[in-house]
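One-letter residues, chain by chain:
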Amino acid sequence: MSDSPWPERIVCLTEETTETLYLLGQGDRIVGVSGYTVRPPEARSKPKVSAFINAKFDKIVALQPDLVLAFSDLQADLTAELVRRGLNVVTFNQRSVDEILQMIRMLGGLVGCQREAELLADRLNAGLDDIRASAARFPRRLRVFFEEWDEPLISGMRWVEELVAIAGGEPIFPELTRCGLAKDRIVDAAEVARRDPEVIFASWCGKKMKKATIQNRPGWDRVTAVRDDRIFEIKSTYILQPGPASLTDGVAQLHAHLKGLS
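Residues numbered from 1 in each chain as written. Predicted model: local features only at pLDDT ≥ 70, side-chain atom pairs only at ≥ 80, totals over all residues. Heavy atoms only, no water.

A look at the overall build of the protein chain
Turning to step 1, where the next piece is worked out: Looking only at helices and strands, the protein chain features 11 helices and 10 strands.
Turning to step 2, where the next piece is worked out: Against the globule reference of 18 Å for 262 residues, the protein chain gives a C-alpha radius of gyration of 19 Å, in line with a compact fold.
Turning to step 3, where the next piece is worked out: On the principal axes, the C-alpha backbone points of the protein chain span a range of 65 × 35 × 30 Å.
Turning to step 4, where the next piece is worked out: Counting only residues that meet the buried cut, the protein chain has 51% of its 262 residues in that class.
Turning to step 5, where the next piece is worked out: Split by element, the accessible area of the protein chain, about 12000 Å² in all, is 52% carbon and sulfur.
Turning to step 6, where the next piece is worked out: Side chains of the protein chain carry 35 positive and 37 negative charges; the gap between the two charge centres is 3 Å. (Helix = DSSP H or I, 4+ residues; strand = E, 2+ residues; numbered from the N terminus. Rg over C-alpha atoms; globule rule 2.2 N^0.38 Å. Buried < 20%, exposed > 50% of the residue type's maximum accessible area, 1.4 Å probe, protein only. Areas by Shrake-Rupley, 256 points an atom, 1.4 Å probe, with all protein chains shown as cover. Lys, Arg positive; Asp, Glu negative; His and termini not counted. Charge placed at Lys NZ, Arg CZ, Asp CG, Glu CD.)

Section: the packing of helix 1 (residues 15-23) against helix 4 (residues 97-110)
Turning to step 1, where the next piece is worked out: Running from N to C, helix 1 and helix 4 point in directions that differ by 60°, and their axes come no closer than 11 Å. Of the possible angle classes, the one that applies to helix 1 and helix 4 is oblique. The hand of the helix 1/helix 4 crossing is right-handed. Facing helix 1, whose interface residues are Glu16, Thr17, Thr20 and Leu21, helix 4 presents Met103, Ile104 and Leu107.
Turning to step 2, where the next piece is worked out: Considered class by class, the residues forming the contact of helix 1 with helix 4 number 4 nonpolar, 2 polar and 1 charged. (Axes fitted to C-alpha atoms, helices over the stretch in contact; angles between N-to-C directions. Parallel < 35°, antiparallel > 145°, perpendicular 65-115°, else oblique. Left-handed = near helix turned anticlockwise from the far one by under 90°. Contact = heavy atoms within 4.5 Å. Nonpolar A, V, L, I, M, F, W, Y, C, P; charged D, E, K, R; others polar.)

What about the pairing of strand 4 (residues 67-71)?
Sheet faces and side chains relate simply in a regular strand, where the side chains alternate between the two faces.
Turning to step 1, where the next piece is worked out: Most of strand 4 sits inside the fold, with 5 of its 5 residues counted as buried.
Turning to step 2, where the next piece is worked out: In terms of strand pairing, strand 1 (residues 10-12) meets strand 4 through 3 bridges, oriented parallel. Looking at the pairing, Cys12 lines up with Leu69 of strand 4.
Turning to step 3, where the next piece is worked out: With 4 bridges connecting them, strand 4 and strand 5 (residues 89-92) associate as parallel partners. Residue pairing in the sheet places Leu69 in a bridge with Val90 of strand 5.
Turning to step 4, where the next piece is worked out: Since strand 4 and strand 5 lie parallel, the crossover through helix 3 (residues 76-84) that links them has a hand, and here it is right-handed. (Pairing = 2+ DSSP bridges. Right-handed = clockwise from strand over helix to strand, strands pointing away.)

A closer look at the pairing of strand 2 (residues 30-34)
Turning to step 1, where the next piece is worked out: Within strand 2, 5 of the 5 residues are buried, leaving the element largely enclosed by the surrounding structure.
Turning to step 2, where the next piece is worked out: With 2 bridges connecting them, strand 1 and strand 2 associate as parallel partners. The residue of strand 2 that forms the bridge with Val11 is Gly32.
Turning to step 3, where the next piece is worked out: Since strand 1 and strand 2 lie parallel, the crossover through helix 1 that links them has a hand, and here it is right-handed.
Turning to step 4, where the next piece is worked out: In this structure, strand 2 lies alongside strand 3 (residues 48-50), joined through 2 bridges in parallel fashion. For Ser34, the partnering residue across the bridge sits in strand 3 and is Ser50.

Notes on the nonpolar core
Turning to step 1, where the next piece is worked out: Formed by 45 residues in total, the largest nonpolar core has its most connected members in Leu163, Phe201 and Leu254.
Turning to step 2, where the next piece is worked out: Broken down by element, this core gets its largest block of residues, 7 residues, from helix 5 (residues 114-135).
Turning to step 3, where the next piece is worked out: Those residues within four positions of Leu163 in sequence are excluded, and the remaining contacts are Val97, Leu128, Ile239, Ser246, Leu247, Val251 and Leu254.
Turning to step 4, where the next piece is worked out: Formed by 17 residues, the second largest nonpolar core is a distinct cluster that contains Phe173, Trp204, Ala225 and Val226. (Core = buried A, V, L, I, M, F, W, Y, C linked by side-chain atoms within 4.5 Å.)

Let's talk about the environment of Leu258
Turning to step 1, where the next piece is worked out: When you line up the elements, Leu258 lands in helix 11 (residues 244-261).
Turning to step 2, where the next piece is worked out: Residue class for Leu258 comes out buried when judged on its relative accessible area of 2%.
Turning to step 3, where the next piece is worked out: Along the primary structure Leu258 and Glu8 are separated by 250 residues, whereas in three dimensions their C-alpha atoms are 43 Å apart.
Turning to step 4, where the next piece is worked out: Discounting chain neighbours no more than four positions away, the residues touching Leu258 are Phe138, Leu142, Val144, Val164, Ala167, Gly168, Gly169, Val199 and Phe201.

Structural notes on the state of the cysteines
Here is the idea: a disulfide is a covalent bond, and it sits between the sulfur atoms of two cysteines.
Turning to step 1, where the next piece is worked out: For the structure on display, the rule yields 0 disulfides.
Turning to step 2, where the next piece is worked out: With no disulfide of its own, Cys179 lies closest to Cys205 among cysteine sulfurs, the gap being 17 Å.
Turning to step 3, where the next piece is worked out: Cys205 sits in the exposed class, given a relative accessible area of 53%. (Disulfide = S-S within 2.5 Å.)

Regarding helix 1
Turning to step 1, where the next piece is worked out: Counting buried positions over the 9 residues of helix 1 gives 7, a clear majority of the element.
Turning to step 2, where the next piece is worked out: Listing the buried residues of helix 1 in full gives Glu15, Glu16, Thr17, Thr18, Glu19, Thr20 and Leu21.

Re unusual backbone geometry
Turning to step 1, where the next piece is worked out: Of the consecutive residues Arg39 and Pro40, the connecting peptide bond is found in the cis state with omega at -15°.
Turning to step 2, where the next piece is worked out: With respect to the helices, strands and loops of the structure, Pro40 is situated in the loop between strand 2 and strand 3.
Turning to step 3, where the next piece is worked out: With an omega of 0°, the peptide bond running from Glu151 to Pro152 counts as cis.
Turning to step 4, where the next piece is worked out: Residue placement: Pro152 occurs in the loop between strand 6 (142-150) and strand 7 (153-155).
Turning to step 5, where the next piece is worked out: You will see that Gln64, though not glycine, has its phi angle at about 50°, which is positive.

Structural data, given as structure tokens:
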């Protein structure tokens, strides 16, 4: 182990902490990543030690990390096992745009890069303000359904719905925005049709979106977004990652589609 006062060997069990550390110039400290990691591309060369809800515990221990970074209740069992094996584990649980920015600042503090993290968070926040300002010039806000999963039908999680609003859309299930668990955001297809979204964004959590599945739901032929062919896929790595990707490429893609329709 290093004599440094800061963690020098870090394992990231999800992509957003990996991307954040690279943006802070600390990618060389990362010794293990999630197999789902695609951002930044160079992180793919790191040893892959986990999926989302399972991990190679012996491989992680063998890497001798002085910090393991995890995300959410879905990784609670993984983190408990790693703690039992004597590792230092920090689990973030960011669910909103503000909490994503807070996570970035907290992570900077953990690795001794507080100033750099503050600057990164401020830069990301300024980018969101620019998109808000652009969206404020739209003639009106289109009704948006963000589809996080197809069967059962699940509406977007909090940071996603917040980004839809920042990008210039009007989420059709605002009452579900604060529901952290996917099971609490299951919606009835008939109710989606009744609320008549004008735009549908789909990101099926790593599974490719099939437009025909959406178009062929009973009664959805009368939904404005279906009738006018306003169904767009946003890949999960850009929008379902509660980190820098969502606050940059993800929201930019939402905004570009909505701007083109306004």
